[in-house]
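Descriptive analysis of the structure
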Amino acid sequence: MTASSATAAPDDRIPLVLRLYHGALAASFVGAWALESAWREAHEWLGYTLAGLLLWRLFYGLNGPQALRFTTFIVGPRQLWRYASDLCHGRAALRIGYNPLAGWAIAGHMLLLGALACSGHWLTTDTFWGNDALQSTHASLVDAMWVMIVLHLGGVTLASLRSRRVLPLAMLSGRRYPH
Amino acid sequence: MPRDALSTTGAVCAALLIGLSPTPALAGPQCTRKPPAQWLDATKFRTDLEAQGYVIAKFKTTSGHCYEIYGKDKTGAKVEIYFDPSDGKIVKQERH
């Protein structure tokens with residue numbers, strides 16, 4: 001397996017705004033989770049913050065830089081399957097940017113977080129105040145989100161091993177590595 | 001290299017999954033250690049709250065040994081209140 005010959009130009013970094021978004025998104029999810037019972041007001045505001053961040057990403061994914069648009073990194077099932085199978089056979093090429101699995105992971109994160117934010121907001125309305133079914137839905141979505149995060153960390157670990165780079169650093173420095 | 005990488009990644013994922021216990025479904029507080037025999041009568045307690053101006057949409061006995069209500073207080077604000085079922089004191093309250 002050889003690294004793809006395409007290496008990032010020095011100025012081709014992950015935009016600062018996306019790195020800040022990623023950090024803020026992670027912090028608001030973990031913060032909201034941690035403060036749920038101790039400080040409900042903060043829990044709710046972090047939830048709304050998260051919703052705002054998602055809306056921004058939605059906009060950015062439609063109008064932002066080409067590499068970060070949904071149409072660039074969300075691929076069809078056939079390509080997804082081919083990549084997964086190449087990966088399992090150890091013959092997936094290293095590449096710059098989101099791989100097909102990562103693209104779908106992003107969609108999964110956004111859908112789960114969107115559902116969390118909506119269900120959380122509805123739980124504060126007159127109609128759903130104290131609604132058991134919606135409360136357990138909200139709680140299950142949190143569990144699903146943690147599973148998603150574990151998969152994400154697993155994927156980043158795998159990609160780091162494949163590329164022999166500490167890829168999480170890319171979300172700090174913005175430097176892109178083929179992975 | 002891929003086989004090694006895959007098994008390492010598998011081990012890391014498994015460790016993370018085991019380390020993370022599922023979120024308790026919106027766990028509430030613990031209100032009393034006294035046995036239910038020493039608790040206030042739930043029906044009467046509820047009626048008393050209503051007499052104080054609470055509109056109760058939901059009344060439950062929680063796994064943390066609390067009486068919990070969802071409803072509105074006399075000002076019309078949405079409230080979620082956990083009571084100690086042995087003396088009726090408020091243990092925790094959320095308002096909206």
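What this report covers is the structure whose coordinates are included nearby. Just so it is clear, the model here is predicted, and its values are computed rather than measured. Residue numbers run consecutively from 1 along every chain, following the written order of its sequence. Here every chain gets a letter starting at A, and every ligand a number starting at 1, in the order they are written. With pLDDT at 70 or above as the cut-off, local features in this predicted model cover only qualifying residues; side-chain atom pairs require 80 or more to be listed or tallied, and sums for whole chains, interfaces and linings still use all residues.

**Observations regarding the overall build of chain A**
A count of helical and extended segments in chain A gives 7 helices and 0 strands. The way it works is that DSSP assigns letters per residue, a run of H or I at least four long becomes a helix, a run of E at least two long becomes a strand, and they are numbered from the N terminus. Counting from the amino terminus, chain A carries its helices and strands in the arrangement α-α-α-α-α-α-α. Along the three orthogonal principal directions, the C-alpha set of chain A runs to about 60 × 35 × 30 Å.

**Here we look at the pairing of strand 2 (residues 67–72) of chain B**
Side-chain direction in a regular strand flips from residue to residue, so the side chains alternate between the two faces of the sheet. All names here are of chain B. DSSP-based pairing: two strands are paired if at least 2 bridges between them are found. Note: strand 1 (residues 55–61) against strand 2, 6 bridges, orientation antiparallel. Residue pairing across strands places Lys58 opposite Tyr70, the latter belonging to strand 2. The hairpin formed by strand 1 and strand 2 contains 5 residues between the paired strands, and His65 there has a positive phi angle of roughly 60°. Here strand 2 runs beside strand 3 (residues 78–83); their pairing, made up of 6 bridges, is antiparallel. Looking at strand 3, one finds that Lys72 is bridged to Lys78. Hairpin connection, strand 2 to strand 3: the antiparallel pair is bridged by 5 residues, and Gly76 has positive phi, about 90°.

**Topic: helix 1 (residues 16–35) of chain A**
Residue and element names in this part refer to chain A. Given a helix with a known number of residues, its expected span is that number minus one, times 1.5 Å. Look at helix 1: 28 Å from first C-alpha to last across 20 residues, which is about the 28 Å you get at 1.5 Å a residue. For helix 1, the full list of buried residues reads Ser28, Phe29 and Ala32. Here the buried residues of helix 1 occupy an arc of 95° about the axis, which is enough to place them on one side. Opposite the buried face of helix 1, at more than 90 degrees from it, the exposed residues are Leu16, Leu20 and Gly23. Using C-beta atoms placed from the backbone, we call a residue buried if 20 or more other C-beta atoms fall within 10 Å of its own, exposed if 12 or fewer do, and partly exposed for counts in between. Arc definition: directions from the helix axis to the C-beta atoms.

**Points about helix 6 (residues 132–163) of chain A**
Taking 1.5 Å as the rise per residue, helix 6 of chain A with 32 residues should run 46 Å; its terminal C-alpha atoms sit 46 Å apart, in good agreement. Buried within helix 6 of chain A are the following residues: His138, Leu141, Val142, Trp146, Thr157, Leu158, Ala159 and Arg162 of chain A.

**Regarding the sheet that holds strand 3 of chain B**
All names here are of chain B. Taken in spatial order, the 4 strands of this open sheet run 1-2-3-4, and their pairing is antiparallel. At either margin of the open sheet sits one strand with a lone partner, and together these are strand 1 and strand 4 (90–95). Between one strand and the next, the sheet's axes are offset by a mean angle of 15°, whatever the strand orientation. Whether two residues are in contact is decided by their C-beta atoms, placed from the backbone, lying within 7 Å. Note on definitions: angles span 0 to 180 degrees between N-to-C directions of axes, and those axes are lines fitted to C-alpha atoms, for helices only across the stretch in contact. The sheet contacts of helix 2 (residues 42–51) involve strand 1 and strand 2, and relative to strand 1 the element is tilted by about 155°.

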